[in-house]
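Understanding the architecture of this molecule
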Amino acid sequence: MMLWLGWVTAMMLALMLGALGAAKARRDRWRADLASAYAARNDAAVTQLAARFGPDEELLWRRLLTARSAAEEGALEEARSRRDLEDVLAALQDAVLVVDGEGRLRFLNASALRLFDLRIEDVLGANLVEALPSFGLDSAMRAALRNGQSSEHEMQLYSPRLREVFLRVAPVFSGAGARTGAVAIVQDLTELRRLERVRRDFVSNASHELRTPIATVRALAETLQSADGDPNASERFLPPLISEAERLSRLVSDLLDLARAEDAPTSPFSAVSLRLIAANAVARLNDKAERREITVEWNENGPNPIIEGDAAALEQVAFNLLDNALSYTPSGGKVTLEVGTEDDSAYLKVADNGIGIPADDLPRVFERFYRVDKARSRAEGGTGLGLAIVKHIVETHGGHVEVDSTVAPPLNGTASTTNALVSSGTRFMVHLPLSADQEN
């Protein structure tokens, strides 16, 4: 009896151990399936498998899934915010650079790459002073890293070309308050400073040019006022008074024309006949050519290029060039005016056999108030603005103007004025885009 009871107990124990082993194997398999489902981000399977282990473990896994979702959503939001910030920085016109706590470049926007003529793959991760050879910029960034203070500087960058910039530098802090880097915003002021210098020079030159005729007019008027007993005073002083008043009027008129030329056009361009423009300029200056005994050669039946533009402004171009040619060509000389087409552009050419322009002065003839021969220019009534007006109008119309010249040789005992005229002179060539209708 005792033997049989022992055998039964052993069998039951064996069965229990086998059942426990099978249950453990099954739970191990479930845990492996649970881990695989979690890794595969199959939340529904994770929840279903976790329920097999009881409500407590199911609740634990549900919390784990919620925490993972929250972490992933936070990471996605952070990535979106970072991308949005990088998009904003990339769109800025000012250059933006970011360095880490060791002074290594971690970010540059497109404007920074253009300003310093860099490729991002060549400099990202490099020390700032090695990537951008500007000790002023490196010094400002390191000061921000060291002191944790913002600063502003106006400086010059010498590489890859000379630029005037305004630099703002600020430290970057982590959420815990530790300094993790620095950011610099570099604003290119080169063009702004150039325009400021141009404006100052223009105001100075205009003031100087206006001062002389105004002072002369005043002096002549005061002299006339005090010369009541002089019967010849009017005859002596009125002609120069009128001449100076006319000069002042021309200067003011040219200043207004230049201001209009530098402004963007307020109305759309229309089809314009370049031959008609040239003909109008010739007609306006016929009297001056006859007074100076200068021949104007102009083929009224020649080509008729059509361009898109402002007829009044373009006539000002032809008038100024023809007027200059007549002013600086001696009596008996010749001025040639020609219009035509060349390749895909129209051209207006004004040539004379006058005194010519020295080679050193040619690059500056389109500057405002620049005169090759100041005394003769004033005597001829020139303001020094005519060619500047021409250049601005032509460039507004998408064209360009060229000049070349040969200076008249000095006359000697054997040389004649005619020979001198033949071997000298100035040629202006204006190129303008043809109208689309004419191109087709």
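First, a word on what this report is: a plain description of the structure on this page. Not measured: the values here are computed from a predicted model. (Residues numbered from 1 in each chain as written. Predicted model: local features only at pLDDT ≥ 70, side-chain atom pairs only at ≥ 80, totals over all residues. Heavy atoms only, no water.)

Some details on the overall build of the chain
When its secondary structure is counted, the chain shows 16 helices and 12 strands. Taking all 440 residues of the chain together, 36% fall into the buried category. Across the chain, contacts joining residues at least 24 apart in sequence account for 60% of those joining residues at least 6 apart. (Helix = DSSP H or I, 4+ residues; strand = E, 2+ residues; numbered from the N terminus. Buried < 20%, exposed > 50% of the residue type's maximum accessible area, 1.4 Å probe, protein only. Contact = heavy atoms within 4.5 Å.)

Things to note about helix 12 (residues 311-327)
The end-to-end C-alpha distance of helix 12 is 24 Å, a good match for the 24 Å that 17 residues give at a rise of 1.5 Å each. Counting buried residues in helix 12 gives 13 out of 17 residues, a clear majority hidden from the surface. The backbone nitrogen of Ala-312 has a side-chain oxygen 3.1 Å away, supplied by the residue at the start of helix 12, namely Asp-310. (Expected span 1.5 Å × (residues − 1). Polar contact = N/O pair within 3.5 Å; in protein donor to acceptor, adjacent residues only side chain to side chain.)

A look at empty space enclosed by the protein
Summed over the entire model, instances satisfying the criterion amount to one cavity of 30 Å³ or more. Of the pockets and cavities examined, the largest cavity occupies roughly 30 Å³. Along its surface, the largest cavity is lined by Leu-274, Leu-314, Val-317, Leu-348, Val-394, Val-430 and Leu-432. At the level of secondary structure, the elements contributing two or more residues to the lining of the largest cavity comprise helix 12 and strand 12 (425-433). Looking at the lining of the largest cavity, its residues break down into seven nonpolar, no polar and no charged. (1 Å grid on protein atoms, 1.4 Å probe; cavity = no way out; pocket = protein on both sides within 12 Å on 5 of 7 lines; lining within 4 Å. Points joined across faces, edges and corners; volume = space filled by probe spheres on them. Nonpolar A, V, L, I, M, F, W, Y, C, P; charged D, E, K, R; others polar.)

Some words on the side chain of Asn-320
Inspection of the secondary structure assignment puts Asn-320 in helix 12. Excluding its chain neighbours within four sequence positions, the residues that come into contact with Asn-320 are Gly-386, Ile-389 and Val-390.

A closer look at the sheet that holds strand 11 (residues 400-406)
With mixed pairing, five strands are arranged side by side in an open sheet as 7-9-10-12-11. The sheet is open, and its two borders are formed by strand 7 (295-298) and strand 11, each paired with just one other strand. When strand polarity is set aside, the average angle formed by the axes of neighbouring strands in this sheet is 15 degrees. Bridge count between strand 11 and strand 12: seven bridges; the pairing is antiparallel. Its bridge partner lying in strand 12, Ser-405 is registered against Thr-426. Across the sheet, helix 14 (residues 386-396) lies against strand 11 and strand 12, angled at about 25 degrees from strand 12, the strand it touches most. (Pairing = 2+ DSSP bridges. Axes fitted to C-alpha atoms, helices over the stretch in contact; angles between N-to-C directions.)

Let's talk about the packing of helix 12 against helix 14
In contact at an axis separation of 9 Å, helix 12 and helix 14 are set at 145 degrees when each is read in the N-to-C sense. Judged by the twist between their axes, the crossing of helix 12 over helix 14 is left-handed. For the pair formed by helix 12 and helix 14, the contact residues are Ala-313, Leu-314, Gln-316, Val-317, Asn-320, Leu-321 and Asn-324 on the first element and Gly-386, Leu-387, Ile-389, Val-390, Ile-393 and Val-394 on the second. Class assignment for the residues of the contact of helix 12 with helix 14 results in nine nonpolar, four polar and no charged. (Left-handed = near helix turned anticlockwise from the far one by under 90°.)

Topic: a negative patch on the surface
Negative charge collects at one region of the surface, where Glu-342, Asp-343, Asp-344 and Glu-402 lie side by side. With respect to the element layout, Glu-402 can be found in strand 11. A relative accessible area of 40% means that Glu-402 is categorised as partly exposed. (Patch = residues over 30% accessible without salt bridge, like charges linked within 9 Å, V, L, I, M, F, W, Y side chains within 5 Å. Areas by Shrake-Rupley, 256 points an atom, 1.4 Å probe, with all protein chains shown as cover. Salt bridge = Lys/Arg side-chain N within 4 Å of Asp/Glu carboxyl O. Lys, Arg positive; Asp, Glu negative; His and termini not counted. Charge placed at Lys NZ, Arg CZ, Asp CG, Glu CD.)

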